[in-house]
Amino acid sequence: MLNLLMNSIGTFAVVPGILRFLLRSSLSALPFAAISVFSTIAIPLLYPPSSIIFLDSILKIFAWVIFPLRAMEIATFDRVLTRQWSLTDHAEFVTTGSNAQVRLLETKKDSGVRPVVVSIPVHERTLAFHVQHALKVILSYLCYSVARVYFSVSPYAPVVGLLDLRDAKAVVDHVVFLMLLMSLFEVCNGLVLLPLAAATKSPFVPVFRAPLLATSIRDFWSRRWNMIIKGILHRLSFAVVVSMLSKSPSEKRQKPTKVQFGVASMAAFFMSGMLHEYLIYMFVPKPHIFGENTLFFMLHGVFCAGQVLGGGSSGGWVGTMGLLLLTSPLFVRAYETAGFFSRLVVFPVPEVLWVSLRSVISSIVGSRA
């Protein structure tokens, strides 16, 4: 418990303190980003091991993922602006990826490439909102528990390449993994990011917008899946590439052309692939499985860019879900083989609930076999 306390102080006091000091320094954008990223990644390497693996993993996700990405985002703004940020401005940006000064700046730019990220301001977070959100977290936790118990009863069977949709066990494994992933994100968002948004009095960004209702692969990634990371990738890759491909300041303020959109989309998907490979390298015990996550995201990038450039059919809901399911092993295998979401990043499940669910799931799996 003492080690966990020390690690918590390192993550939420020492690391933010260093970032705050660097933010107020006279460093230009590139040195600021480089030193910030190095500091946030290096400090957790000094953490003593903790017996509470889940909480320790959450702390490292903040230090190794959230803080470095936010530091790189900050470096995309004028340092004259960011040096003036108050502690509240800085905390709000780390929590939500925005603050009052950033929102004002992006409104003035009117670049036409702002991400589709829906946030809920403080005045809209009524009692009804909190009740609804609490129910969503509870339901997500139950789904998470079901998925955890399922994999304890019927361990994940690795699939190399694309999914054979005729293999019922493989299809169920990947659908349950999606449930595990979505429910874990929802619980973390509700228990960690919503309180942080409340503490900083900043808008709250829901992590999902009904992704299972997506009617095209572009709709899935651009408007519905993981809005938090979507906003980061948009600012660090998509908007940067669009700006590089624009020939004049006036063109930068216009909506991207189809070619610009296609190239920028591929850059964003490539960065997403690299980010997931980085997660595997930092968290998953050796031997590592590299390359499959990048291939997964690049394939989806091709479909998104092709939909825009060619103006072809989106495939509808069936085509979208079919593509996601067909390519899912390229994403899932590296994580689930190493137990990333079943041993490293795990919520505790009460024994009574575990035993009850295991009994039900065992009977279903047994009858299916």
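Going along each chain's sequence as written, the residues are numbered from 1 onward. Local features in this predicted model are restricted to residues whose pLDDT is 70 or higher, and side-chain atom pairs enter the listing and the counts only when it is 80 or higher, whereas totals over whole chains, interfaces and linings include all residues. Processing note: side-chain calculations cover all non-hydrogen atoms of the structure and skip hydrogens and water entirely.

## Digging into the environment of I232
So the rule is basically this: Numbering goes from the N terminus for both helices and strands, where a helix is a DSSP run of H or I of at least four residues and a strand is a run of E of at least two. Any pair of residues with heavy atoms lying within 4.5 Å of one another is described as a contacting pair.
Tracing the sequence through the fold places I232 in helix α10 (residues 227-245). Each C-alpha atom, one on I232 and one on S272, is 9.9 Å from the other, the two residues being 40 residues apart in sequence. Apart from residues lying up to four places away in sequence, I232 is in contact with L69, R70 and E73.

## Describing α10
Selection rule: Here a helix's expected span is defined as the number of its residues, less one, multiplied by 1.5 Å. Bend, in this description, refers to the angle at a residue between axes fitted to the seven residues ending there and the seven starting there. Here the term buried applies to any residue with accessible area under 20% of the maximum for its type, exposed to any over 50%, and partly exposed to those in between, with areas from a 1.4 Å probe on protein chains only.
For α10, which comprises 19 residues, the first-to-last C-alpha distance of 25 Å matches the rise-based estimate of 27 Å (1.5 Å per residue) to within 8%. The sharpest bend along α10 reaches about 45° and sits at H234. Extensive coverage of α10 is indicated by the burial of 14 of its 19 residues.

## Regarding the side chain of R235
Our working rule: Counting of polar contacts relies on pairs of N or O atoms within 3.5 Å, with two restrictions inside protein: one atom must be capable of donating a hydrogen and the other of accepting it, and residues adjacent in sequence are counted only when both atoms are side-chain atoms.
Structurally, R235 can be placed in helix α10. The class for R235 is buried, based on a relative accessible area of 14%. Looking at R235, its side chain comes within polar contact range of the main-chain oxygen of G97, at 2.9 Å. Sequence-distant contacts of R235, defined by excluding residues within four places in its chain, comprise E73, T76, F77, F93, G97, V102, E106 and V240.

## Side note on the environment of G231
Among the structural elements, G231 can be located in helix α10. Note on G231: relative accessible area 14%, which makes it buried. With 135 residues separating them along the chain, G231 and T96 place their C-alpha atoms 9.4 Å apart.

## Let's talk about the packing of aromatic side chains
Our working rule: Planes of paired rings set the category: under 30 degrees apart is stacked, over 60 is edge-to-face and the rest tilted, where pairs are Phe, Tyr or Trp rings (Trp by its six-membered ring) whose centres lie within 6.5 Å.
The tally for this structure, following the rule as stated, stands at 24 aromatic pairs. The interplanar angle of 65° and the centroid separation of 5.3 Å between the aromatic rings of F12 and F62 together place this pair among those described as edge-to-face. Of the two residues, F12 is situated in helix α1 (residues 2-24) and F62 in helix α3 (residues 53-74); the sequence distance between them amounts to 50 residues. When the ring of W85 is compared with that of F93, the centres are 5.2 Å apart and the planes differ by 40°; the resulting orientation is tilted. On the accessibility criterion, W85 (0% relative accessible area) is buried. A relative accessible area of 0% means that F93 is categorised as buried. Ring pairs connect the aromatic residues F177, F185, F208, F220, W221, W225, F269, F296, F297, F331 and Y335, which therefore count as one cluster.

## Description of the confidence of the model for the chain
Stated formally: Confidence per residue, as judged by the predictor, is encoded in pLDDT with a range of 0 to 100.
The predicted model of the chain averages 86 in pLDDT, with 90% of residues at 70 or higher. When the elements of the chain are averaged for pLDDT, helix α11 (residues 249-252) gives the smallest value, 63, and helix α7 (residues 127-153) the largest, 94.

## Observations concerning the pattern of salt bridges
Under the convention used in this document: Salt bridges are counted wherever a side-chain nitrogen of Lys or Arg sits within 4 Å of a carboxyl oxygen of Asp or Glu.
Across all of its chains, the model carries eight salt bridges by this definition. The partner of E73 in a salt bridge is R235, with the nearest N and O atoms 2.7 Å apart. Separated by 162 residues along the polypeptide, E73 in helix α3 and R235 in helix α10 bring together distant segments of the chain. Here D164 and R166 are joined by a salt bridge, their closest N and O atoms 3.0 Å apart. Beyond isolated ion pairs, a larger network of salt bridges with shared partners links R70, E73 and R235.

## Here's the deal with the nonpolar core
The test is simple: Residue types Ala, Val, Leu, Ile, Met, Phe, Trp, Tyr and Cys, when buried and joined through side-chain atoms within 4.5 Å, form a set referred to as a nonpolar core.
Grouped together as the largest cluster of nonpolar side chains are 72 residues, with contacts concentrated most on F177, W221 and F331. Of all the elements, helix α8 (residues 168-200) adds the most residues to this core, at 11 residues. If we skip the residues at most four places from it in the chain, W221 touches M227, K230, F269, F296, F297, H300, C304 and L324. L23, A75, W85 and F93 belong to the second largest nonpolar core, which has 11 residues in total.

## A short note on the packing of helix α5 (residues 87-96) against α8
Our working rule: Fitted lines through C-alpha atoms serve as axes, helices being fitted only where they are in contact, and the angles separating the N-to-C directions of these axes extend from 0 to 180 degrees. Angle categories: roughly parallel below 35 degrees, roughly antiparallel above 145, roughly perpendicular from 65 to 115, and oblique for all the rest. Crossing handedness follows the turn of the near helix against the far one: under a right angle anticlockwise gives a left-handed crossing, and clockwise gives a right-handed one.
Their axes nearest at 10 Å, the elements α5 and α8 cross at an angle of 160°. Regarding the angle of α5 to α8, the classification is roughly antiparallel. For the crossing formed where α5 meets α8, the hand is left-handed. Of α8, the residues touching α5 (which contributes T88, A91, E92 and T95) are L193, L196, A197 and T200.

## With respect to empty space enclosed by the protein
Spelled out, the test is: Points on a 1 Å grid over protein atoms alone make up a cavity when a 1.4 Å probe fits among them but cannot get out, and a pocket when they form an open set with protein on both sides within 12 Å along at least five of seven lines; lining residues each have an atom within 4 Å of a point. Grid points are joined across faces, edges and corners, and a volume is the space filled by probe spheres set on the points. Note on residue categories: nonpolar means Ala, Val, Leu, Ile, Met, Phe, Trp, Tyr, Cys or Pro, charged means Asp, Glu, Lys or Arg, and polar means any other residue, Gly included.
By the definition in use, this model includes two cavities of 30 Å³ or more. In terms of lining residues, the largest cavity is bounded by R70, T95, T96, N189, L193, A197, P203, F204, V205 and I228. Among the elements that line the lining of the largest cavity, the one with the most residues is α8, at three residues. Taken together, the residues of the lining of the largest cavity sort by class into six nonpolar, three polar and one charged. Counted as a void, the second largest cavity has a volume near 40 Å³. It is α3 that provides the largest number of residues to the lining of the second largest cavity, a total of four residues.

## Regarding a nonpolar patch on the surface
Counted only if it meets this: Distance thresholds for patches are 9 Å for like charges and 5 Å for nonpolar side chains (Val, Leu, Ile, Met, Phe, Trp, Tyr), applied to residues having over 30% relative accessible area and no salt bridge. Each accessible area value is a Shrake-Rupley result obtained with a 1.4 Å probe; residue values ignore everything except the protein chains displayed when judging cover.
There is a patch of nonpolar side chains on the surface, built from L127, V131, L135, I138, L139 and L142 and spanning about 600 Å² of accessible area. Classification of L139 by relative accessible area gives exposed; the value is 52%.

## Re unusual backbone geometry
You will see that A210, though not glycine, has its phi angle at about 50°, which is positive. Locating A210 in the fold gives a position in the loop between α8 and α9 (217-224). One non-glycine residue, N226, lies in the positive phi region at around 40°. With respect to the helices, strands and loops of the structure, N226 is situated in the loop between α9 and α10.

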